[in-house]
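What follows is the residue order along each chain.
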Amino acid sequence: FRLLKTYKKIDKFSSVISHFTTRQWRFSNDAVVKLWSRMNPADRQIFNFDMDNLTWDSYLRHMILGMRVYITKDPMSTLDKGREKYRKLKIAHYTLLTVITILLVWGFISLIIRIMSFF
């Protein structure tokens, strides 16, 4: 049941963002740059929209949390639980990759040893 609920959230989120992720977008901010260059320092401080001063890490962190709360309707109270689950899944993922890599290397070495034994 939990898997179905999770799938429904992922499906809803995918349908919401699909319009924006499946198209090519081109933006031009020439008018904004021109306006910014014409503003005096007092106006620049009042109407601060300079992207060079934007802290992108903070912006993206808040944007992702907002998407989680308002698009997927996932309460903030589940954040710690989600982080713990993500950590466990990450460990499982890298463990699986390590095991597969070891098996592939072992298989490759075994194959080379068999080929070498014929000569």
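Residue positions are counted from 1 within each chain, in the order its sequence is given. Local features are withheld for residues below a pLDDT of 70 in this predicted model, meaning they are given only at 70 or higher, and side-chain atom pairs are given and counted only at 80 or more; totals for whole chains, interfaces and linings count all residues. In computing side-chain values, all of the structure's heavy atoms are included and hydrogens and water are not.

The name given to the chain in an unreviewed UniProt entry is Fatty acyl-CoA reductase wat-like, and the organism recorded there is Temnothorax curvispinosus.

Focus: the layout of surface pockets
The space that makes up the largest pocket amounts to roughly 1100 Å³. Considering the residues around the largest pocket, the lining is formed by 23 residues, among which T6, K9, R68, D74 and G82 are closest to the centre. Only α1 (2–21), α4 (56–70) and α5 (79–117) provide two or more residues apiece to the lining of the largest pocket. Put plainly, a pocket is an open set of points on a 1 Å grid over the protein atoms alone with protein on both sides within 12 Å along at least five of seven lines, a cavity is a set where a 1.4 Å probe fits but cannot get out, and a lining residue has an atom within 4 Å of a point. Grid points are joined across faces, edges and corners, and a volume is the space filled by probe spheres set on the points. Numbering of helices and strands runs from the N terminus, with a helix taken as a DSSP run of H or I at least four residues long and a strand as a DSSP run of E at least two residues long.

Thoughts on the pattern of salt bridges
For this document, the term salt bridge refers to a Lys or Arg side-chain nitrogen within 4 Å of an Asp or Glu carboxyl oxygen. Within this structure, the stated rule accounts for 4 salt bridges. Measuring nitrogen to oxygen at the nearest pair gives 3.0 Å for the salt bridge that ties D74 to K9. Taken together, the residues D74 in the loop between α4 and α5 and K9 in helix α1 connect sequence positions 65 residues apart. Only protein chains enter the accessibility calculation, which uses a 1.4 Å probe; a residue is then buried when its area is under 20% of its type maximum, exposed when over 50%, and partly exposed in between. Residue classification places K9 among the partly exposed residues on the basis of a relative accessible area of 26%. Salt-bridge contacts for E84 lead to R87; the nearest nitrogen and oxygen are separated by 2.9 Å. Here the residue E84 and the residue R87 both occupy positions in helix α5, the gap between them amounting to 3 residues, near one helical turn. When its relative accessible area of 33% is taken as the criterion, E84 is described as partly exposed. A network of salt bridges, in which partner residues are shared, links K9, R68 and D74.

Quick look at the side chain of T72
Its location among the elements puts T72 in the loop between α4 and α5. Among all residues touching T72, those that are not within four sequence positions of it are K9, F13 and M67. Any two residues having at least one pair of non-hydrogen atoms within 4.5 Å are treated as being in contact.

Observations concerning the side chain of D74
Given the relative accessible area of 15%, D74 is considered buried. Side-chain polar atoms of D74 contact the side chain of K9, separated by 3.0 Å. Beyond its immediate chain neighbours, meaning those up to four positions away, D74 contacts K9, R68 and V69. Any pair of nitrogen or oxygen atoms within 3.5 Å is treated as a polar contact; in protein, a donor-acceptor pairing is required on top of that, and neighbouring residues in sequence qualify only through side-chain atoms on both sides.

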